[in-house]
Amino acid sequence: MDTNQVFLQKKLNSGIKLFNENKIEEAEQCFRYLQSEKKTQLIAFFYLGIIKIKKNKTNEAKQYFFKILEINHNHEMASLNLGLVYFQEKNIKNSKKYLLNTLKINSENSLAKYHLALINLFDKEYSKAEKLFKEILLKEPKNINALNNLGICYSKQINFEKAIRIFNECLVIRNNHQQSILNLANCLFQIKNYEESIRNYNKVLELEENHTIAKIGLSKCYFALHDYNKAFYFYEARKKRQFDKLKIIDDLIKKFNCKEWFEEKLDDKTILILSEQGIGDNLQFARYIYWLKERFNCNIIFYINKKISYLFKNCPCKIIDNFSEVGKIDFYQHLLTLPYIYYKIESKFKKCIPFIPVDNKNNLNWKKKLEKLKKPLIAIQWKGNEKFVDDQQRSIPIKYFSDLIKNRNYSFISLQKDNFSSEIKINNLQAHITDLSEQIDLGDKSFFDTVSILNNIDLLISVDTSMTHLASTMQIKTLLLLNSNPDWRWHVELKEKCFYDNLEIIKTNRTNDWIAISSIIKDKLRGLLKN
């Protein structure tokens, strides 16, 4: 070994030692020197890439890994780290590309398998994810992260009993594994074992007292058990997940020195109500703005997205979509906390108030367009937002409506948007249902045409989406289709009959048993449309 080679080896050993001792700046200087030497170039590029990751300079890190692959396209660790960096950046397409390339170089790379499995899980390709997690577990049976995610795969495929067994296996490996306890609680909730679900959510809170998801899980259990005071108390945790609102509130407090309202007198005061969560939530609970106005001589400002703000123009408040027009605020509160305060005072829920504005011109326009269709006229909404965490338990494949849609005693129209209308063609239903997806709500006002169409139909059949709340608030006859363990509000409605007068609910007895529900719809239609 010549003198230069000995020097380079010492320099390399020194750089690695400094890196392992977390002396990052000194290590970086070493590897910067070594990158110019052909014999140490690859390893220098690799360590410089890792150092840039540690410094959160991922674009620079990627450049080093690219350089490695230019020299050696079969460099396993460069390919792997590119896959991991892109995964961290949520660039799923490129992450997948480099993770697959890593597995092409070394089919047993468990880290590449694990992250590829996570991508499949996120993409709802549960069978592919399941296969990869199982491959990892064959070699690493106590890999708790792979095992926990395998349980998630089963839960997403509605196999809750199998998922529960997996999460219990995780807890044998590590009895305080927080994520497994949380997932176990979620699955126990899904099979309606509310008491055990509560016990496990509380175990999560013993490990982390302010765990937001565990608190929201407890609220769901208590709503299902109709213990509304506890349910609402834990439901307040949702606010911590609304990061955009937390920033707004922080700015409001600094600017106006306002405080969160609970039950203080509001006479001659100004209160800001913040919209939250989905469109349906805001439609359903805007009725409590009326209650505030009835109870207090106060000024109410309602902050809501501009695209739907027109829907609330009849509410007794000032509607805003930015804060430039606000001169003074004494109090603020989230919209979904109002039913909590109301319930504490009144021990009941407020009935629906129809407030959706009518556009007579557009109503007439749609009346003319729909005149050619035979009565009774039924609108259908079979899918919600696919990004919703449990959409697989809320949306219903249109194939389960096929026999109903083909019934010539009724005319059907689809109010689906977002390319879901393609399912009509896939199921050969285009001759039996009128698809309006390319004609409605094309302007800057969400639901503008939908509202007018709803005013001209005899019935809406819908899964749990904002459409249900819109039609029900308009007092349109609505048939809501729910899974066996639905969202918390429907547990309340099924017992209290307090939210919507014109709404009828059909709920499955077993998860995703849509075959059973489709036959019940046929029987219901005769009664609902008899007038």
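Scoring rules and cut-offs
Every chain is numbered independently, its residues counted from 1 as its sequence is written. The predicted origin of the model limits local features to residues at a pLDDT of at least 70 and limits the giving and counting of side-chain atom pairs to 80 or more, whereas totals for whole chains, interfaces and linings rest on all residues. Side-chain measures were taken over the full set of non-hydrogen atoms in the model, leaving aside hydrogen atoms and water. Method remark: on a 1 Å grid restricted to protein atoms, a set of points is classed as a cavity if a 1.4 Å probe fits but cannot get out and as a pocket if it is open with protein on both sides within 12 Å along at least five of seven lines; lining residues have an atom within 4 Å of a point. Grid points are joined across faces, edges and corners, and a volume is the space filled by probe spheres set on the points. By definition, any uninterrupted DSSP run of H or I lasting at least four residues is a helix, any uninterrupted run of E lasting at least two residues is a strand, and each is numbered from the N terminus. We call Asp, Glu, Lys and Arg charged. Ala, Val, Leu, Ile, Met, Phe, Trp, Tyr, Cys and Pro are nonpolar, and the rest, Gly among them, are polar. Two residues form a contact once any of their heavy atoms are found within 4.5 Å. Every axis in this analysis is a line fitted to C-alpha atoms, fitted for helices over the stretch in contact. Angles between the N-to-C directions lie between 0 and 180 degrees. Oblique is the label for every angle not falling under 35 degrees (roughly parallel), over 145 degrees (roughly antiparallel), or within 65 to 115 degrees (roughly perpendicular). If you view the pair so one helix is near and one far, a crossing is left-handed when the near helix is turned anticlockwise from the far one by less than a right angle, and right-handed when it is turned clockwise. Any two strands with at least two DSSP bridges between them are considered paired. How far a helix is expected to stretch is found by multiplying one less than its residue total by 1.5 Å. Here the term buried applies to any residue with accessible area under 20% of the maximum for its type, exposed to any over 50%, and partly exposed to those in between, with areas from a 1.4 Å probe on protein chains only. When the strands point away from the viewer and the path from the first strand over the helix to the second turns clockwise, the crossover is right-handed. Salt bridges are identified by distance alone: a Lys or Arg side-chain nitrogen within 4 Å of an Asp or Glu carboxyl oxygen. Side-chain atoms alone can form a polar contact between residues adjacent in sequence; in general such a contact is a pair of N or O atoms within 3.5 Å, and within protein one must be able to donate a hydrogen while the other accepts it. Throughout this description, the term nonpolar core refers to a set of buried Ala, Val, Leu, Ile, Met, Phe, Trp, Tyr and Cys residues connected via side-chain atoms within 4.5 Å.

### Section: the layout of surface pockets
Here the second largest pocket defines a volume of roughly 330 Å³. Considering the residues around the second largest pocket, the lining is formed by 14 residues, among which Glu236, Ala237, Lys239, Lys240 and Glu260 are closest to the centre. Among the elements of the structure, helix H13 (212-224), helix H14 (228-235), helix H15 (243-256) and strand S5 (331-334) are those that each provide at least two residues to the lining of the second largest pocket. Partitioning the lining of the second largest pocket into residue classes produces six nonpolar, three polar and five charged.

### Considerations on the environment of Ile71
Along the polypeptide, Ile71 turns up in helix H4 (residues 58-71). In contact with Ile71, other than residues within four places in its own chain, are Gln41, Leu42 and Phe45.

### Digging into the packing of helix H1 (residues 3-20) against helix H2 (residues 24-34)
Two numbers describe how H1 lies on H2: the axes approach to 8 Å, and their chain directions differ by 150°. Considered as vectors, H1 and H2 are oriented roughly antiparallel to each other. Remark: the crossing between H1 and H2 carries left-handed chirality. In this structure, H1 contributes Phe7, Leu8, Lys11, Leu12, Ser14, Gly15, Ile16, Leu18 and Phe19 to the contact, and H2 contributes Ile24, Glu26, Ala27, Cys30, Phe31, Tyr33 and Leu34. Among the residues forming the contact of H1 with H2, the class breakdown is 12 nonpolar, two polar and two charged.

### Here's the deal with the sheet that holds strand S2 (residues 270-274)
Ordered by their spatial adjacency, five strands build an open sheet running S1-S5-S2-S3-S4, and the pairing between neighbours is parallel. This sheet does not close on itself; its edge strands, each paired only once, are strand S1 (259-260) and strand S4 (318-320). By the bridge criterion, four bridges tie S2 to S5 in an arrangement that is parallel. Along S5, the bridge assignment pairs Leu274 with His334. Along the sheet, helix H17 (residues 287-295) makes contact with S2 and strand S3 (299-303), crossing S3 at roughly 165°.

### Regarding H13
When the terminal C-alpha atoms of H13 are compared, their 19 Å separation across 13 residues agrees well with the 18 Å that a helix rising 1.5 Å per residue should span. Of all 13 residues that make up H13, 10 are buried, and the element is covered over most of its length. For H13, the set of buried residues is Thr212, Ala214, Ile216, Gly217, Leu218, Ser219, Cys221, Tyr222, Phe223 and Ala224. Contacts from the buried residues of H13 go to helix H11 (178-190), helix H12 (194-207), H14 and helix H25 (488-496). Positioned one or two residues after H13, His226 has a phi angle of 65°, which is positive.

### Observations concerning the packing of helix H3 (residues 41-54) against helix H5 (residues 76-88)
Between H3 and H5, whose axes approach to 11 Å, the crossing angle comes to 15°. On the basis of their axis angle, the class for H3 and H5 is roughly parallel. In this structure, H3 crosses over H5, and the sense of that crossing is left-handed. Side by side, H3 and H5 meet where Phe46, Ile50 and Ile53 of the first sit next to Met77, Asn81 and Val85 of the second. Each residue belonging to the contact of H3 with H5 can be placed in one class, and the counts come to five nonpolar, one polar and no charged.

### Concerning H3
With 14 residues, H3 extends 20 Å between its outermost C-alpha atoms, agreeing within 8% with the 20 Å of an ideal straight helix rising 1.5 Å per residue. Burial in H3 covers these residues: Ala44, Phe45, Phe46, Tyr47, Leu48, Gly49, Ile50, Ile51 and Lys52. Following H3 by one or two positions, Asn56 has its phi on the positive side, about 65°.

### Observations regarding the pairing of strand S9 (residues 459-462)
Residues Leu459 and Ile461 line one face of S9 and the alternating positions Leu460 and Ser462 line the opposite face, and both faces are buried. Sheet topology note: the strand S6 (residues 377-381)/S9 ladder contains four bridges and is parallel. What sits directly across from Ile380, in S9, is Ile461. Two elements, S9 and strand S10 (residues 478-482), share three bridges in a ladder whose sense is parallel. Bridge pairing in S10 links Ile461 to Leu479.

### Quick notes on the pairing of S10
Within S10, five of the five residues are buried, which leaves the element mostly enclosed by the surrounding structure. Along S10, one buried face is formed by Thr478, Leu480 and Leu482 and the opposite face, lined by Leu479 and Leu481, is buried too. As a crossover connection, the stretch from S9 through helix H24 (residues 466-473) into S10 is right-handed. Sheet analysis places S10 next to strand S11 (residues 503-507), joined by five bridges and oriented parallel. Its bridge partner lying in S11, Leu482 is registered against Lys507.

### Some words on the sheet that holds strand S7 (residues 411-414)
Read across the open sheet, the six strands follow the order S8-S7-S6-S9-S10-S11; overall the sheet is parallel. At either margin of the open sheet sits one strand with a lone partner, and together these are strand S8 (433-435) and S11. Strand after strand, the sheet turns through a mean of 25° between neighbouring axes, direction not considered. Against the sheet, H24 contacts S6, S9, S10 and S11, and its axis sits at roughly 155° relative to S9.

### So, the pattern of salt bridges
Using the criterion set out here, one finds 32 salt bridges in the structure. Residues Asp251 and Lys247 are paired through a salt bridge, measuring 3.0 Å at the closest nitrogen-oxygen approach. With Asp251 and Lys247 both in helix H15, this residue pair falls four residues apart, about one helical turn. According to the relative accessible area criterion, Asp251 is partly exposed, its value standing at 37%. On the basis of relative accessible area, Lys247 is assigned to the exposed category, the value being 54%.

### Side note on the side chain of Asn109
Inspection of the secondary structure assignment puts Asn109 in the loop between helix H6 (92-105) and helix H7 (110-122). Using a relative accessible area of 8% as the deciding quantity, one classes Asn109 as buried. One polar contact links the side chain of Asn109 to the main-chain amide nitrogen of Leu111, over a distance of 3.2 Å. Ignoring anything within four residues of it in the chain, the contact list for Asn109 reads Glu76, Leu80, Thr102 and Leu103.

### Things to note about the side chain of Thr212
Summarising the element assignment, Thr212 is placed in helix H13. Every residue in contact with Thr212, bar those within four places of it in the chain, is listed here: Ala237, Lys240 and Arg241.

### Side note on the nonpolar core
Side chains that are nonpolar tend, in soluble globular proteins, to be buried together. Counting 120 residues, the largest nonpolar core has Phe133, Trp261, Leu292, Leu311, Phe312 and Leu415 as the members making the most contacts within it. Not counting residues within four places of it along the chain, the set of residues in contact with Trp261 comprises Leu266, Ile271, Trp291, Leu292, Phe296, Phe331, Tyr332, Gln333, Leu338 and Ile341.

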